[in-house]
Amino acid sequence: MDWLPEFWSYVTAPFLLEGALLAVQITTLATGIGVAAGLALALMRMSSLKILNRTAWTYIWFIRGTPLLLQLVFVFDALPLIGIKLDPFATAVIAFALNEAAFSAEIIRAGIQSVSRTQWHAAASLGMSSYLTLRRIILPQALRAILPGLINDAIGMLKLTSIASVIFVNELTFRSQQIVGQNFKFFTVFGAAAVMYLALTSVISWFQHWIEQRLDPEIERQPKSDFSLMTRLFGFSRGETPHEQVGNPKYSPITTTHALSAKNIDATHTIANISASKTNDASDTLKADFVICKNVHKNYGKREILKGIDLTIAKGQVVAIIGPSGSGKSTLLRMINHLEPMDQGEITVNGSLVGYARTSDGLKPKSDLAKARADAHIGFVFQNFNLFAHLSALENIMEAPVQVLKQSQEQAKISAKNLLARVGLTRHADHLPHRLSGGQQQRVAIARALAIDPQLMLFDEPTSALDPELVGEVLQVIRGLADAGMTMIVVTHEIRFAREVADKVIFIDGGIVIEQGSPADVLDRPKHERTRRFLRMVEAPSSYGESLEA
Ligand code: ADP
Ligand code: MG
């Protein structure tokens, strides 16, 4: 062990420590600059603008395809030619950053694309801009996939800074070689350098662990006392089942009246308050057409999906849209709050176009679509709930009021808690979506849509993704809104629900309205054979279910 004191003297030698510090500085700066540029490149790669996409692709192709050593020497020799004189250190930072930009761009792009596209749709329906969605919704979720890749790059770079010695950066490995060149003590000197590298990369690994813990929305939300092994391993603590139900009312639309069961949905009566003010001011305009669709056309490629839809909906009306799969029902809903542009026709909600401006040569899409959507106050509820996966139930509801409508945190929290109470989920305020049942998730999604103070609610098959026993609790919430006078368009296959709650039923097939009228007219006395055939098909399974129950 007599080598130990000498070895230790090298580990603590200021000459070598300065070299290590240089490596750290180059790595930190180049990673910071490189990742920022990488994010920009990743966004360019995903842009629909060809010029941006191609430019980013070419850059990444070139950088990844050529050796870093050549890039270093090239930057060192090329920059002075265009009049930029930098010291070796700055040159190394630039070369490493250029290199890191290309590699991190692909890691970041993969991370962003690993987040479901439906998260973008949900954010858009709440009036969030692309930038806001990226910052608040997508990147926080993508980061968990991105981080390990970026940390790998950082560790690789720290060790690779040694090649900066070719442009006379006097870093750790280079300094070790200088010492060995004089005293030939390979093992002790290089050993000391290795220990230094190991210590530095260990710090980076520890940092990775720390930040991954912080990014795990589940761990971050655990109260300290709930930090048991059970919780860590399985995501729930003892005495609680993962999908604990608040209430699970069996929906029986035929026998119930419009009264809601307050036993199961706590404070449901307050749903009536949500749009009480609206119903008051609606009295004078009740007869007026609140939503007007005129000759709405939509194509996807060469396929004509909507072939001239005309319909009107009065304020406070509940309209059920029924029709076979693929008939264009979801597409029509997306046109109404301008989640997608239409090809022809026009839609007004309360007299305003959503995201279009009227000009002398027709309608022109507005440049700030997010603001147009936010101003329209149209709530959208998706078939697959589309809750923000990294946010708790309460945070999901607060997101748009705080970020889009600029309410204060306190104000938004009070409103969000009220909304959660209205859908009977007070106890689940702090739960992440994956810990809620489908029915509970959909009720949170409804509360989230209500939080933007909607003047119109659109439901796209809100119960189609649910197990049969969870359908009732969601329909009950929707029925409560109907009773409160909310104007709603509900795409649904629940014929019994439509018969009972809707003021008007519209049957769509092949992108056109086949017939519309009162539930009794369309559902009990359909005029068209296509409607009859469709109703026979969708009503068949439930009568089958009933006969089983009997
Ligand atoms: P529905 O909701 O009535 O089941 P949709 O409105 O979802 O029907 O879809 C109507 C048709 O449009 C379907 O054939 C579907 O494949 C097509 N479609 C929907 N969205 C897109 C899209 N983004 N790109 C291409 N085709 C689409
Ligand atoms: Mg659909």
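Preceding this section is the structure that the text describes.
A brief look at the structure comes next.

### Re the pairing of strand E3 (residues 318–322)
Among the five residues in E3, five count as buried, and that is most of the element. Of the strand pairs in this sheet, E3 and strand E10 (residues 488–491) are connected by four bridges, and their pairing is parallel. Bridge assignment links valine 318 to a residue of E10, and that residue is methionine 488. Where E3 and strand E11 (residues 504–509) come together, four bridges link them in parallel fashion.

### Side note on the site of ligand 1
Around ligand 1, the surrounding shell consists of Tyr300, Arg303, Ile305, Pro324, Ser325, Gly326, Ser327, Gly328, Lys329, Ser330, Thr331 and Arg334. Take lysine 329: an N or O atom from its main chain is 2.9 Å from an oxygen atom of ligand 1. Here threonine 331 contributes a side-chain N or O atom positioned 2.4 Å from an oxygen atom of ligand 1. When ligand 1 is considered free in solution it has 560 Å² of accessible area, and contact with the protein chains removes 64% of it. Elements with a contribution of two residues or more to the shell around ligand 1: strand E2 (303–314) and helix H14 (329–336). Take the shell around ligand 1: its biggest share by element is four residues, from H14. Of the residues that constitute the shell around ligand 1, the class distribution is three nonpolar, six polar and three charged.

### Digging into the sheet that holds strand E1 (residues 289–300)
The antiparallel open sheet is built from four strands, whose spatial order is E2-E1-E4-E5. What marks the edges here is a single partner per strand, and that holds for E2 and strand E5 (352–353). Pairing of E1 with strand E4 (residues 344–349) involves five bridges; the strand directions are antiparallel. Each bridged residue has a counterpart across the sheet, and for histidine 297 the counterpart in E4 is glutamine 344.

### Quick look at the packing of aromatic side chains
The final tally for this structure, using the stated rule, is six aromatic pairs. Judged by centre distance (5.6 Å) and plane angle (75 degrees), the ring pair of tryptophan 3 and phenylalanine 7 falls under edge-to-face. Overall, tryptophan 3 belongs to the partly exposed group, its relative accessible area being 43%. Take phenylalanine 7: its relative accessible area is 15%, and that puts it in the buried class. Positioned above the aromatic ring of phenylalanine 15 is the side chain of arginine 175, whose terminal nitrogen or guanidinium carbon lies 4.8 Å from the ring centre. A cation over an aromatic ring shows up here: arginine 448 above the ring of phenylalanine 388, its NZ or CZ 4.6 Å from the ring centre.

### Examining a nonpolar patch on the surface
Judged by side-chain polarity, Leu81, Ile82, Ile84, Leu86, Ile94 and Leu98 come together as a nonpolar surface patch covering roughly 550 Å² of accessible area. Along the chain, the position of isoleucine 82 falls in the loop between helix H4 (68–81) and helix H5 (88–113). Residue classification places isoleucine 82 among the exposed residues on the basis of a relative accessible area of 62%.

### Description of the packing of helix H2 (residues 14–46) against helix H7 (residues 130–160)
Packing of H2 against H7 brings their axes to within 11 Å, and their N-to-C directions diverge by 140 degrees. The angle between the axes of H2 and H7 places the two elements in the oblique class. For the crossing formed where H2 meets H7, the hand is right-handed. Contacts from Ala23, Val24, Thr27, Ala30, Thr31, Val35, Leu39 and Leu43 of H2 reach H7 at Leu134, Leu139, Leu150, Ala154, Met157 and Leu158. Looking at the contact of H2 with H7, its residues break down into twelve nonpolar, two polar and no charged.

### Some remarks on the sheet that holds E10
Strand order in the open sheet formed by six strands is E8-E9-E10-E3-E11-E12, with mixed pairing between adjacent strands. Strands with a single pairing partner mark the edges of an open sheet, and in this sheet they are strand E8 (378–381) and strand E12 (512–517). Between one strand axis and the next, the sheet turns through 15 degrees on average, direction left out of account. In this sheet, E10 lies alongside strand E9 (residues 456–460) in parallel orientation, the contact comprising four bridges. Note on E10: the bridge partner recorded for leucine 458 is isoleucine 489. Helix-sheet contacts for helix H18 (residues 438–450) involve E8 and E9, and the interaxial angle to E8 is about 170 degrees.

### As for the side chain of threonine 27
Note on placement: threonine 27 falls in helix H2. Threonine 27 gets classed as buried once you look at its relative accessible area, which sits at 5%. Polar side-chain contacts of threonine 27 include one of 2.7 Å to the backbone oxygen of alanine 23. Setting aside residues up to four positions removed in sequence, threonine 27 forms contacts with Ala154, Met157, Leu158 and Thr161.

### Focus on the pattern of salt bridges
Where side chains of opposite charge bring their charged atoms close, a pairing between them can arise. Taken as a whole, this structure holds 18 salt bridges when the rule is applied. Between glutamate 18 and arginine 175 there is a salt bridge, and its shortest N-O distance comes to 3.3 Å. Separated by 157 residues along the polypeptide, glutamate 18 in helix H2 and arginine 175 in helix H8 (residues 172–183) bring together distant segments of the chain. Note on arginine 175: relative accessible area 9%, which makes it buried. For glutamate 340, the salt bridge identified is with lysine 298, shortest N-O distance 4.0 Å. With a gap of 42 residues between them, glutamate 340 in the loop between H14 and E4 and lysine 298 in strand E1 connect regions that are remote in the sequence. Judged by relative accessible area, which is 19%, glutamate 340 ranks as buried. Residue lysine 298 is classed as buried on the basis of its relative accessible area, which comes to 6%. Salt bridges linked by common partners bring Arg45, Glu106 and Arg109 together as one network.

The rules behind the values
Counting starts from 1 at the beginning of each chain's written sequence and moves along it residue by residue. Here every chain gets a letter starting at A, and every ligand a number starting at 1, in the order they are written. With pLDDT at 70 or above as the cut-off, local features in this predicted model cover only qualifying residues; side-chain atom pairs require 80 or more to be listed or tallied, and sums for whole chains, interfaces and linings still use all residues. Based on all heavy atoms of the structure, the side-chain values leave hydrogens and waters out of the count. For each residue, the accessible area found with a 1.4 Å probe, counting protein chains only, is set against the maximum for its type, and the residue is called buried under 20%, exposed over 50%, and partly exposed in between. Numbering of helices and strands runs from the N terminus, with a helix taken as a DSSP run of H or I at least four residues long and a strand as a DSSP run of E at least two residues long. Only when DSSP finds a minimum of two bridges between them are two strands counted as paired. Throughout, near means a residue has at least one heavy atom within 4 Å of the molecule or strand. Any N or O atom pair separated by 3.5 Å or less is treated as a polar contact, with the protein-specific requirement of one donor-capable and one acceptor-capable atom, and with residues adjacent in sequence counted only for side-chain atom pairs. Areas reported here follow the Shrake-Rupley algorithm with a probe of radius 1.4 Å; residue values treat only the protein chains shown as occluding. In this count, Pro and Cys sit with the nonpolar residues alongside Ala, Val, Leu, Ile, Met, Phe, Trp and Tyr, while Asp, Glu, Lys and Arg are called charged and the others, Gly among them, polar. Only the six-membered ring of Trp is used, alongside the rings of Phe and Tyr, when aromatic pairs are assigned; centres must lie within 6.5 Å, and planes under 30 degrees apart are stacked while those over 60 apart are edge-to-face, with the rest tilted. Only when the NZ of Lys or the CZ of Arg is both within 6 Å of the ring centre and within 35 degrees of the ring normal is a charge said to sit over the ring. For patch building, the residue pool is restricted to those with more than 30% relative accessible area and no salt bridge; the joining distance is 9 Å between like charges and 5 Å between nonpolar side chains (Val, Leu, Ile, Met, Phe, Trp, Tyr). What counts as a salt bridge is simple: a side-chain nitrogen of Lys or Arg found within 4 Å of a carboxyl oxygen of Asp or Glu. Think of each axis as a best-fit line through the C-alpha atoms, taken over the contacting stretch in the case of a helix, with angles from 0 to 180 degrees between the N-to-C directions. Roughly parallel here means an angle under 35 degrees, roughly antiparallel means over 145, roughly perpendicular means 65 to 115, and every remaining angle is called oblique. Two helices that cross are described as forming a left-handed crossing if the nearer one is turned anticlockwise from the farther one by less than a right angle, and a right-handed crossing if clockwise. Contact definition: two residues touch when any of their heavy atoms are within 4.5 Å.

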